[in-house]
Amino acid sequence: VQLQASGGGLVQPGGSLRLSCAASGNIFSDNSMAWHRQAPGKQRELVARIAYGGTTIYADSVKGRFTISRDNTKNRVYLQMNSLKPEDTAVYYCNVNYPNGAAYWGQGTLVTVSS
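Cut-offs used in this document
Throughout this description, residue numbers start from 1 for each chain and increase along the sequence as written. Totals for whole chains, interfaces and linings use every residue, but because this is a predicted model, local features are given only for residues with pLDDT of at least 70 and side-chain atom pairs only at 80 or more, for both listing and counting. To obtain the side-chain values, all non-hydrogen atoms of the structure were used and water was disregarded. We call a set of buried residues a nonpolar core when its members are Ala, Val, Leu, Ile, Met, Phe, Trp, Tyr or Cys and they connect through side-chain atoms within 4.5 Å of each other. Throughout, exposure labels follow a simple rule: accessible area from a 1.4 Å probe, protein chains only, divided by the maximum for the residue type, with under 20% read as buried, over 50% as exposed, and the rest as partly exposed. Think of it this way: any DSSP run of H or I at least four residues long counts as a helix, any run of E at least two long counts as a strand, and we number them from the N terminus. Contacts are assigned to residue pairs with any non-hydrogen atoms lying within 4.5 Å of each other. Ring geometry is summarised as follows: Phe, Tyr and Trp rings, the Trp one being its six-membered ring, pair when their centres sit within 6.5 Å, and such pairs are stacked at plane angles under 30 degrees, edge-to-face over 60 and tilted between the two. Criterion for a charge above a ring: Lys NZ or Arg CZ within 6 Å of the ring centre, and within 35 degrees of the ring normal. Our working definition of a disulfide is a cysteine sulfur pair at a distance within 2.5 Å. Paired strands, in this sense, are two strands between which DSSP finds at least two bridges.

### Thoughts on the nonpolar core
- Among the nonpolar cores identified, the biggest contains 28 residues, and Trp35, Val47, Phe66, Val77, Leu79, Met81 and Tyr92 are the most heavily contacted of them.
- Those elements that place two or more of their residues in this core are β1 (2-6), β3 (17-24), β4 (32-38), β5 (45-51), β7 (66-71), β8 (76-81), β9 (90-97) and β11 (109-113).
- Once residues lying within four places of it in the same chain are set aside, the contact partners of Leu79 are Leu17, Arg18, Leu19, Trp35, Val47, Ala48, Phe66, Thr67, Ile68 and Tyr92.

### What to know about the packing of aromatic side chains
- Tallying each qualifying case throughout the model produces one aromatic pair.
- With a centroid separation of 6.3 Å and an interplanar angle of 85°, the aromatic rings of Tyr98 and Tyr104 are classed as edge-to-face.
- You can call Tyr98 buried: its relative accessible area is 14%.
- Over the face of the ring belonging to Tyr93 we find Arg44, whose NZ or CZ atom lies 3.8 Å from the ring centre.
- In this structure, Arg44 is placed above the aromatic ring of Trp105, and the distance from its NZ or CZ to the ring centre is 4.7 Å.

### Quick look at the state of the cysteines
- Counting across every chain of the model gives one disulfide.
- Through a disulfide, Cys21 is tied to Cys94; the S-S separation comes to 2.0 Å. The chirality of the disulfide connecting Cys21 with Cys94 is right-handed, given an S-S dihedral of about 50°. Residue Cys21 is found in strand β3, and its partner Cys94 is found in strand β9; the two are separated by 73 residues along the sequence.
- Overall, the relative accessible area of 0% leaves Cys21 in the buried class.

### With respect to the pairing of β7
- Alternating positions in β7 separate cleanly, Phe66, Ile68 and Arg70 being buried on one face and Thr67, Ser69 and Asp71 remaining unburied on the opposite face.
- The pairing of β7 with β8 spans six bridges and is classified as antiparallel. The residue of β8 that forms the bridge with Arg70 is Val77.
- Taking the residues that link successive antiparallel strands as the turn, the β7-β8 hairpin has four residues, and the phi of Asn75 there is positive, at about 55°.

This is how it looks when you write it as structure tokens:
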């Protein structure tokens, strides 16, 4: 399984970005897809996760501002980020998880929130 993330960039505080992640290879159903992020000097943290059927969870820090979604027909997961804050600056990684414990990661896309 290969994951390709895109959509990062430089945005001013209060702005929006939409991240996209395309999965290819041996994709099976019943997976969950997620976005994580890692800021400089900090550990990687879960931002949002979406199950194959659409159930979502979010980190408290992004609730009400970020929305995760997926298109199972295209094997894609998205992260709409609104009302961005400087503390959202990080490298964002997408990943796919299967019930058997297998997990795959993309290469990351940098989001910088700065004026």
